[in-house]
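Okay, here's what each chain looks like letter by letter:
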Amino acid sequence: MADQVAAMCDQLIKALNVMMDAETGQVYRLEALKFCEEFKETSSFCVPCALQLADKAQPAVVRHFGLQILEHVIKFRWNNMPQQEKVQLKECAMHLLSTGTHSILEEESHIKDGLSRITVEMIKREWPQHWPDMLKEMEALTSNGEAQTELVMLILLRLAEDVITFQTLPTQRRRDIQQTLTQNMESIFSFMMAILHLNVEEYRKLKGSPEHELQARAHCRVAVATLNTLAGYIDWVSLVYITSGNCHLLEILCLLLSEPELQLEAAECLLIAISRKGKLEDRKPFMLLFDDVAIDYMLSAAQSADGLAICMKSNESQAVDVVERRYIFLKRLCQVLCALGGQLCSLVGSDVEVEVPANLSKYMEALLAFTTHSSQFLKKTTLPTWGSLFRHEALCKDAVVVQMAAKFLRTSMTNLVKAGFPSRDDNPSCQYSCVDFDSDEDFNFFFNSYRAQLGLVIAAEWLQYQISSPIDTGLSHLRLPRALVQWDAMTVFMECMATQIFKNLEEEKLPIDQSMELLQAVLNYDTKDPLILSCVLTNVSALFPFVIHRPNFLPQVLYKLFKAVTFEVGQGNKAPRSRAVKNVRRHACSSIIKICRDYPRVLLPCFDMFYNHVKKLCSSQATLSQMESSLMESLVLISNEFKDFEKQKAFIDELMASVVADWTSEEMRHVLSNPAVYLSFVGADQVVTEQSKDADTSGLNRARLSFCLYAMMGVVKRARWPADLEEAKAGGFVGGLTPTGAPIYRNPCTAQFLAFLPNLLALIRTQNSLFTPENMARLSETFSRAHDVMDAEKNVVLGLSQNLLDIYDTAVYKSNLERMQGFLSTLYDNCFHVLGSAGVSLQQDFYTIERLSEEIAGSAFSSLDHEYYNSLLCPLLGPLFAYMQQRLNVKWQLISQRTSVNGEDEEVVVCQESHVTQEMLEEQLVRLLTREVLDLLSVSCISKKGHEPAADKEDIDEEEMMMDSAQTASPAQSTEELSELGKHLLKHENIYMNMLTLTFTSLSWKDTTNCHRTASMVCWTLLRQVIGGNLLPEAVTWFYTSVLRALQVHGQHEVCNSTLSQLAMLIYENLRARYPELRAVMTQIPNISVEALDQYDHRLLDPNAQKVGDKKRKDHFRKLIEGTVGKALCQQFRKEVHIRNLPSLYKSPKPDKDVVQNSEATGLEALFAPEKNTL
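All values derive from a computational prediction rather than experimental measurement.

*Asks:* Just checking my understanding: could you explain the overall build of the chain for this structure?
*Replies:* Scanning the chain from N- to C-terminus turns up 57 helices and 4 strands. Within the span of the chain, comprising 1175 residues, buried residues form 49% of the whole. Sequence separation of 24 or more characterises 75% of the internal contacts of the chain that already satisfy a separation of 6 or more. If you sum the accessible surface of the chain, you get close to 56,700 Å²; carbon and sulfur atoms cover 52% of it.

*Asks:* I would appreciate a short explanation of the pattern of salt bridges in the present structure.
*Replies:* Two side chains carrying opposite charge are able to pair once their charged atoms lie near each other. Using the criterion set out here, one finds 48 salt bridges in the structure. Across the pair Lys 563 and Asp 526 runs a salt bridge, and its minimum N-O distance is 4.0 Å. A residue pair is termed long-range when its members are at least 10 positions apart, and Lys 563 in helix H26 (residues 554–565) and Asp 526 in the loop between helix H24 (512–524) and helix H25 (530–543) qualify at 37 residues. Residues joined in a network through salt bridges with shared partners are Glu 121, Lys 124, Arg 125 and Asp 162.

*Asks:* I would appreciate a short explanation of the packing of aromatic side chains in the present structure.
*Replies:* Both the distance between ring centres and the angle between the ring planes are used here to describe each pair of aromatic rings. All chains considered together, the criterion is met by 33 aromatic pairs. A connected cluster of aromatic rings, assembled from ring pairs, spans Phe 421, Phe 437, Phe 443, Phe 446, Phe 447 and Tyr 450. Over the face of the ring belonging to Phe 642 we find Lys 647, whose NZ or CZ atom lies 4.4 Å from the ring centre. The aromatic ring of Phe 645 is capped on one face by Arg 746, whose charged end is 3.8 Å from the ring centroid.

*Asks:* I tried to follow unusual backbone geometry on my own but got confused; where do I start?
*Replies:* Negative phi is the rule for most residues except glycine; trans is the rule for most peptide bonds. Here the residue pair Trp 127 and Pro 128 is connected by a cis peptide bond, since its omega of 5° sits within 30 degrees of zero. Its place among the elements puts Pro 128 in the loop between helix H6 (109–126) and helix H7 (134–141). Unusually for a residue other than glycine, Asn 246 sits at a positive phi of about 55°. Within the fold, Asn 246 resides in helix H12 (residues 239–256). A residue is classified by how much of its surface remains accessible, and Asn 246, at 60% relative accessible area, is exposed.

*Asks:* Quick question: what am I supposed to make of helix H18 (residues 376–391) here?
*Replies:* Between its first and last C-alpha atoms H18 spans 23 Å; for 16 residues at 1.5 Å apiece the expected length is 22 Å, and the two agree. The largest bend in H18 comes to about 30°, at Leu 383, with the proline Pro 384 one to four residues further on. Counting buried positions along H18 gives 12 out of 16 residues, so the element sits mostly inside the fold. The backbone nitrogen of Phe 377 lies 3.3 Å from a side-chain oxygen of the residue at the head of H18, namely Ser 375.

*Asks:* Explain the pairing of strand E3 (residues 734–737) to me, please; I cannot follow it from the model alone.
*Replies:* The side chains of a regular strand alternate between both faces of the sheet. Across 3 bridges, the pairing between E3 and strand E4 (residues 743–745) is antiparallel. Considered in E4, the bridge of Gly 736 is made with Ile 744. As consecutive antiparallel partners, E3 and E4 are separated by 5 residues, and within that stretch Gly 741 has a phi angle of approximately 95°, a positive value.

*Asks:* So what exactly am I meant to see when it comes to the nonpolar core here?
*Replies:* In terms of nonpolar packing, the biggest core is built from 275 residues, with Phe 189, Leu 230, Tyr 233, Trp 386, Tyr 678 and Leu 705 touching the most fellow members. By residue number, the principal contributor to this core is helix H16 (residues 324–347), which donates 13 residues. The residues touching Trp 386, leaving out its near neighbours within four places in the chain, are Met 364, Leu 367, Leu 368, Thr 371, Met 404, Phe 408 and Val 457. Counting 68 residues, the second largest nonpolar core, distinct from the first, contains Leu 1003, Leu 1044, Met 1065 and Ile 1085.

*Asks:* What exactly am I supposed to notice about the side chain of Thr 782 here?
*Replies:* In this fold, Thr 782 is placed in the loop between helix H37 (773–778) and helix H38 (791–798). A distance of 2.9 Å separates a polar side-chain atom of Thr 782 from the backbone nitrogen of Val 688.

*Asks:* In this structure, what is going on with the environment of Phe 290? I would like to understand it.
*Replies:* Relative to the assigned elements, Phe 290 resides in the loop between helix H14 (280–283) and helix H15 (292–309). Phe 290 sits in the buried class, given a relative accessible area of 3%. In the structure, Phe 290 is positioned 72 residues away from Lys 362 in sequence and 9.0 Å away in space, judged by C-alpha atoms. With residues up to four places along the chain from it excluded, the contact list for Phe 290 reads Ile 295, Leu 340, Leu 344, Pro 357, Asn 359 and Tyr 363.

*Asks:* Sorry if this is basic, but what is going on with the packing of H15 against helix H17 (residues 360–371) here?
*Replies:* When two helices pack together, you describe them by how their axes are tilted relative to each other and by the distance separating the axes. Where H15 meets H17, the closest approach of the two axes is 10 Å, and the angle between their N-to-C directions is 20°. It follows that H15 is roughly parallel to H17 by the angle criterion. As for how H15 packs across H17, the hand of that crossing is left-handed. Contacts between H15 and H17 involve Asp 292, Ile 295, Asp 296, Leu 299 and Ala 302 on the former and, on the latter, Lys 362, Tyr 363, Ala 366 and Phe 370.

*Asks:* Quick question: what am I supposed to make of the confidence of the model for the chain here?
*Replies:* Detailed conclusions should not be drawn from predicted coordinates in areas where pLDDT is low. Scored by pLDDT, the chain has a mean of 84; 86% of the residues are at 70 or more. This stretch, residues 903–911, has a pLDDT under 50; its non-local contacts, to residues over four places away or in other chains, come to 4 contacts.

*Asks:* Where do I start with the packing of H12 against helix H13 (residues 263–274) in this structure?
*Replies:* It is the contact of H12 with H13, at a shortest axis distance of 8 Å, that shows an interaxial angle of 145°. The element H12 and its partner H13 pack so that their crossing is left-handed. Along its contact with H12, which presents Ile 242, Leu 250, Leu 253, Cys 254 and Leu 256, the element H13 presents Gln 263, Ala 266, Cys 269, Leu 270 and Ala 273. Partitioning the contact of H12 with H13 into residue classes produces 9 nonpolar, 1 polar and no charged.

*Asks:* Could you clarify how one ought to interpret the side chain of Ser 769 in this entry?
*Replies:* Assignment of secondary structure puts Ser 769 in helix H36 (residues 750–769). Overall, the relative accessible area of 18% leaves Ser 769 in the buried class. Apart from residues lying up to four places away in sequence, Ser 769 is in contact with Pro 675 and Asn 775.

Conventions and cut-offs
- Residues numbered from 1 in each chain as written.
- Predicted model: local features only at pLDDT ≥ 70, side-chain atom pairs only at ≥ 80, totals over all residues.
- Heavy atoms only, no water.
- Helix = DSSP H or I, 4+ residues; strand = E, 2+ residues; numbered from the N terminus.
- Buried < 20%, exposed > 50% of the residue type's maximum accessible area, 1.4 Å probe, protein only.
- Contact = heavy atoms within 4.5 Å.
- Areas by Shrake-Rupley, 256 points an atom, 1.4 Å probe, with all protein chains shown as cover.
- Salt bridge = Lys/Arg side-chain N within 4 Å of Asp/Glu carboxyl O.
- Phe/Tyr/Trp six-rings, centres within 6.5 Å; stacked < 30°, edge-to-face > 60°.
- Lys NZ or Arg CZ within 6 Å of the ring centre and 35° of its normal.
- Expected span 1.5 Å × (residues − 1).
- Bend = angle between axes of the 7 residues up to and from the residue.
- Polar contact = N/O pair within 3.5 Å; in protein donor to acceptor, adjacent residues only side chain to side chain.
- Pairing = 2+ DSSP bridges.
- Core = buried A, V, L, I, M, F, W, Y, C linked by side-chain atoms within 4.5 Å.
- Axes fitted to C-alpha atoms, helices over the stretch in contact; angles between N-to-C directions.
- Parallel < 35°, antiparallel > 145°, perpendicular 65-115°, else oblique.
- Left-handed = near helix turned anticlockwise from the far one by under 90°.
- pLDDT = per-residue confidence, 0-100.
- Nonpolar A, V, L, I, M, F, W, Y, C, P; charged D, E, K, R; others polar.

Here is the structure:
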């Protein structure tokens, strides 16, 4: 046998060398791999060969493979091995631990890991029942030297991870091992603390001696392993072991913060310990860490590590680099301080009567030091702690916290500056960002989140810190900086502060004089930088609420905003405007609209001045644009304050006269109703070179169309009647009453819109016809891709962001093609924005238009009166849902086929990067369209009064919601959760079945978000309305199999698995009695237990059967359909590991007698009397 083992070992070593040789071809490597895998699965020589290969005389790669074989044997053959072989294998494994390794500094880490793995696998199967002395044997191993001590620590750590953290064992085995660990925790902790103390002391003695350097490093390695193992236990053991001996463990950890080689692991342990939750009384000892000694150790370690975190790259270069280990330690130490602050906030002011620490100022100075650190990550880490301190009922009144608030406020003004991009080297933060972020995009995303969080903390601080002159600190800061990043930071700061001032101060305490001084400084500030000007405009908007108290400032504010509307970088405006210039113009228009929307009454006295300015601006422009239409929109907002129908109608008629005249002209009617003429009108059939640019006439024509739509959209969206009914009646806005007595309002823009509508509908029809082959052929070579998705929109769909600073000088559109794409898509969108706004604004005047349902398609209306549901929306939504179901189903089938093809020929496809990107874009567009369609269906049919779970709630909430529905869902409750429109759609069988088909088909489309949302909120709500009717058995079977099919596709995702399982259970339980076909479906599920199915059906159908609780019923059903649940690719070929349960050590025997029935006395006092030992 020895010869056979030796021969087989030689073959395995050769195969292993073939696999590991970089020069080996793929065919030979696969053959070698197959040989090794077959050996592990079938050979009877696994254990002797593995032990020979694992001998320390072998190379590390061979030894590791031998350990892998042993692990495989234990995992997959242990249950079938005779007891003698198990004992023999265990003895061999212990022998490997004691003598089968090199010294601690020489041994490879993966060999140590392999040895610990096989030992833990045996422990998981045999301890404590069949291996009661395991802990003693581990303790005895440590006497063999540092290498064995480290291995013992690795074993204890892996055991805790498998049992507690990852829970990779069956429930009973996990419970047995965890309870045994808990029972022995005092000795385990004492053992680990003794090992740590011994090796730390030895390390400190020897570390300065050159002749004992190796021995010192060995002790250091053991101490590191012990700290790592402690970290695996501190997270879950009783707090008593952490705080015992006057927090002896925490004291040692604080001391170790001064040891550079041990400080990171010590900080990890300290962080886990201080982050523990539990009873406040048990956490009270943590306050000892606020003593001077502990705080001083933390501060000293932080200062030392901060000095060593940055090092010079070379003597000649001034460039610096981050020492990652030191930087990680700084992060952990910062988190330790924050966790300590969390304990402080929990304990102070609670029932345990903890006083504010005497040296709180020292702690807060340490926290502030991290807040002012160059690392943006460290700054953000401290924010939640600051917020907790400032919001704390008792601490926020402490003099130290109030004093520190001023320092934090000044620090925040600096921290709001966006600096530290990893691609740059213009700030100390950049070096740290290179470690923390992979790209500028990552940094940008992080910093935006950080800035928003900082704004919330500033707001919280304002609640407890009343600044006597809140704006003075900002005034000097505002005047001095010229850099964009500083303006950007000041803008965020100002918005946060101004909001809190109005939210929390009474009117007589408002700092109006100081605010007006600052506003005057802002208004006087002049710049030609569009990005800085945008920040200036934001500051004007933030300070505008103060203008209410000083109306004399209003003309200056309007002048500043009007000037920004026509902003140009230079005098000549021949060159295309950059994106930054266009954005600042839009910003100015948005600011004006916002002010007019929020403060129309304040602006009413300035209406004539405003109107005259708009007239002058429009007359001076050769072509009108979105900017002028935005100003017209602002005028309409102010005109709502007229509260006089005739006066406002006359104003709107005058304002829109030229727009409507142009739009309704015979020329425009001909253009908008004829696709060929329309394409020629906008220049899409012309060949244009970049040198010659676009034809002036075509550009003017496009501007005419855009302006007309923007102007009408603004008017329709903003024109309103007074909110107060009496004011509306007095102003002539009420034209009558509905049959139910509700007022019928008149909108002053109705006449203008009705004149505008015919050509608007003609334009929509023309735009929809542009995609036909004959009209696509009319596009010139220049604009042949005019209907493609723009690059900017592609980035949005794919989730790619673009930094504002990177597009500072770029033109809005880089080419004539992009310009045409932008025009066509924007015009198309605006057509439907106008229609959508008309439904809300005009109401009856809009919905009573003759043949409206035949003219409009693809729109949803939320303000439509019930009387128009059948006549207008049902004819629209029915064909729409049927068409979208068919179209989307084809799209998703193509995506599924493409996925399977790519899987077979992945290498070829991946090489074509542009092709892959296009496929990703198409798939994402289909995904977004699917969600939009199903959102439309949900909004149309389901009442908002229903219980709708949010998409981001915990799974258990959804399960409870679904089970609540199961308990109350009966055929008698027909329309409880349907909206009024849903009830009307229910009356149309074809429409309703189309909606059901769409929702249940969509469950199997490869979009988990849509699947979860539809299954939890839509499917059952729609289906429950018709289960009391005469559904065909084929339909019921199809609905049920659709859910099971979705489980096959999405079952690997726990959220979808839970939701779909609940939906399947609802269908089965509510329909099983009437449709026995459902049982036939269940019997086709792979590996289903027919006996379990019979038992479930018996309890479901037999009214006399014993009922079980909801949880057991759900678990039973999920086991029945388990065979339909799809697995992730990484799990599909995974071999299952089976660990047998051992006789339980801690299971309490159930009483043999029924106490109540067999007790002589049945009274409560007798039942609970001390002599009733049977309890």
